[in-house]
Amino acid sequence: MTLPEMKYPLSRDQLLDLYYFMKLTRELDEQLVRLFRQNKVVGGLYSSIGQEASAVGTAYTLEKRDWIAPMIRNVGGLLVKGFRPRDILMQYMARSGAPTGGKDGTSHFGDLQDRHVVSPISMLGDLIPVMTGVAMGGRYLGQKIVTMTWIGDGGTSTGAFHEGMNLAAAQHAPFVCVVENNQWAYSTPVARQVPLKNLADRARAYGIPGYVVDGNDVIAVYQATKEAVELARRGEGPVLVESKTMRMKGHAQHDPAGYVPPEMFEYWKARDPLALYEKWLTENKVWDKKAKDEIEARIERELKEDIEIAEASPLPNAEEAERGVYCEGCHTIEAHWERPIAEVQPPKASVQPVWTVPDFGALNNARGSAPAAAASAPDDGARAEAHSNSSAKSAPAGSGAPKRPARAEARPKGRR
Ligand SMILES: Cc1ncc(C[n+]2csc(CCOP(=O)(O)OP(=O)(O)O)c2C)c(N)n1
Ligand SMILES: [Mg+2]
């Protein structure tokens, strides 16, 4: 087998793996539509048909330790990260066996422990600052992780997107943002809301690299995103990858997408990501009919089994509604340090603490006190401390009164 030269080579198994995940995403999508029509799907159903190469090819560049936060059209990313079709089926069908126990009718679930998946946030753009934060946290703890999230063309027009990208860039966060430009944000075409030909150009505003890639060509998606991930992992900061693709269905099942010109569908249908990749695999002699049939039979078998499991899972009992709303010791949040803590503490810390603000910015001056008096006055913190100590002393022993009143309580009134 001689494959075209790739900067980031993929083995035969990996190439077939990509096909498996793309095809599984497509088949799962179609099964969900069938279940929707049988009234078994609770709530909205969002299709990712046409975007399989984009979701799978990007997520496939990550390592197990890395983190993702998927959006509605990234079922492929969830499958790559180790969720099974049954998890997604039971989510949409609101069954008790679902990751959220049937409390969410769509895809709002994650797995912070094993698969490193942050649950989607419906407010578009909000995952950008969140995943920037996860990237910064991972770096601080020495985990050498990269984080990734996806956002639609419409989502890039939100304030949260810009604030998050700016933060990521300023902090050199090991973060990759995939902009899935599928030509439509609900019924709004891209040109009606962004005055740019390439959404990747938004990266220039943050001083970071922006790549444009054919989102229907899984190999191209993988190569461009892998480069972005490597760059981020090397500590060179975030990268924005624009994946140009097409939403081949309406926004959700309720939307027949009558506003999309038929010739636009025709154009993109001829560029179907699965058909393109099948052709590529054949032309490059990666597979033969037997290998293709085996993958398809495996998908059929797995989906059949998972649909049976999902249908057999009951709807949640009514009393479940009040469970899990508040954490009652259900989990502990612990930092997983992968380097000595001493490295981030003085005197080893690379950044010296700069919190010493003389006289707290001379607030006393602003109040009209004489500078000399202000300079000799104890600082705010010292006063609060003194007050709290004395109040602790005056509390009767064993009274259960808090030993240290809240700092705001301790402040002299004039400084509030
Ligand atoms: C901040 C915010 N505004 C509006 C919405 C409602 N909404 C949900 S999806 C959507 C369209 C998103 O389009 P795009 O970002 O291009 O993603 P696509 O659906 O094409 O994948 C809108 C307007 C929302 N969820 N969040
Ligand atoms: Mg869109």
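Preceding this paragraph is the structure being described.
Note that the coordinates shown come from a computational prediction; the quantities given were computed from them, not determined experimentally.

Criteria and thresholds
Residues numbered from 1 in each chain as written. Chains lettered and ligands numbered in written order. Predicted model: local features only at pLDDT ≥ 70, side-chain atom pairs only at ≥ 80, totals over all residues. Core = buried A, V, L, I, M, F, W, Y, C linked by C-beta atoms within 7 Å. Buried ≥ 20, exposed ≤ 12 C-beta atoms within 10 Å, placed from the backbone. Helix = DSSP H or I, 4+ residues; strand = E, 2+ residues; numbered from the N terminus. Contact = placed C-beta atoms within 7 Å. Expected span 1.5 Å × (residues − 1). Arc of directions from axis to C-beta. Axes fitted to C-alpha atoms, helices over the stretch in contact; angles between N-to-C directions. Parallel < 35°, antiparallel > 145°, perpendicular 65-115°, else oblique. Left-handed = near helix turned anticlockwise from the far one by under 90°. Nonpolar A, V, L, I, M, F, W, Y, C, P; charged D, E, K, R; others polar. Pairing = 2+ DSSP bridges.

J.: With reference to specific residues and values, describe the nonpolar core.
T.: Counting residues in each nonpolar core, the largest one holds 78 residues, and the members touching the most others are Val56, Val176, Cys177, Val218 and Val241. Per-element accounting of this core gives the leading share, nine residues, to helix α1 (residues 12–37). Those residues in contact with Val56, other than ones at most four positions away along the chain, are Leu18, Phe21, Met22, Thr25, Gly76, Val80 and Val218.

J.: Outline helix α6 (residues 159–170), supporting the account with residue identities and numerical values.
T.: With twelve residues, α6 should cover 16 Å at 1.5 Å per step; its first-to-last C-alpha distance of 16 Å lies within 8% of that length. Backbone geometry just after α6 places His172 at a positive phi near 50 degrees.

J.: Describe helix α9 (residues 273–283), with residues and values.
T.: Those residues of α9 that sit buried are Pro273, Tyr277 and Leu281. Down the axis of α9, the smallest arc covering the buried residues is 65 degrees, so these residues share one side. Along α9, the residues that are exposed and aim more than 90 degrees away from the buried face are Ala275, Lys279 and Glu283. Among the residues trailing α9, Lys285 stands out with phi positive, at a value near 55 degrees.

J.: Hey, could you go over the packing of α1 against α9 for me, with residue numbers and the actual values?
T.: It is at 11 Å that the axes of α1 and α9 come closest, and there the two elements cross at 155 degrees. It follows from the interaxial angle that α1 and α9 lie roughly antiparallel. With respect to the hand of their crossing, α1 and α9 are arranged in left-handed fashion. Where α1 approaches α9, its residues Leu15, Tyr19, Met22, Lys23 and Arg26 are matched on the opposing element by Pro273, Leu274, Tyr277 and Leu281. The residue inventory of the contact of α1 with α9, partitioned by class, reads seven nonpolar, no polar and two charged.

J.: Lay out the sheet that holds strand β1 (residues 67–69) with the relevant residues and their values.
T.: Read from one edge of the open sheet, five strands run β1-β2-β3-β7-β6, paired in parallel fashion. Edge positions in the open sheet fall to β1 and β6 (210–214), since each of these has one partner strand only. Along the sheet, successive strands turn relative to each other by an average axial angle of 20 degrees, direction set aside. The sheet contact formed by β6 and strand β7 (residues 239–244) spans five bridges and is parallel. Within the sheet, the bridge partner assigned to Val213 lies in β7 and is Ser243. Of the strands in this sheet, β1, β2 (147–152) and β3 (175–181) are in contact with helix α5 (residues 127–140), which crosses β2 at around 170 degrees.

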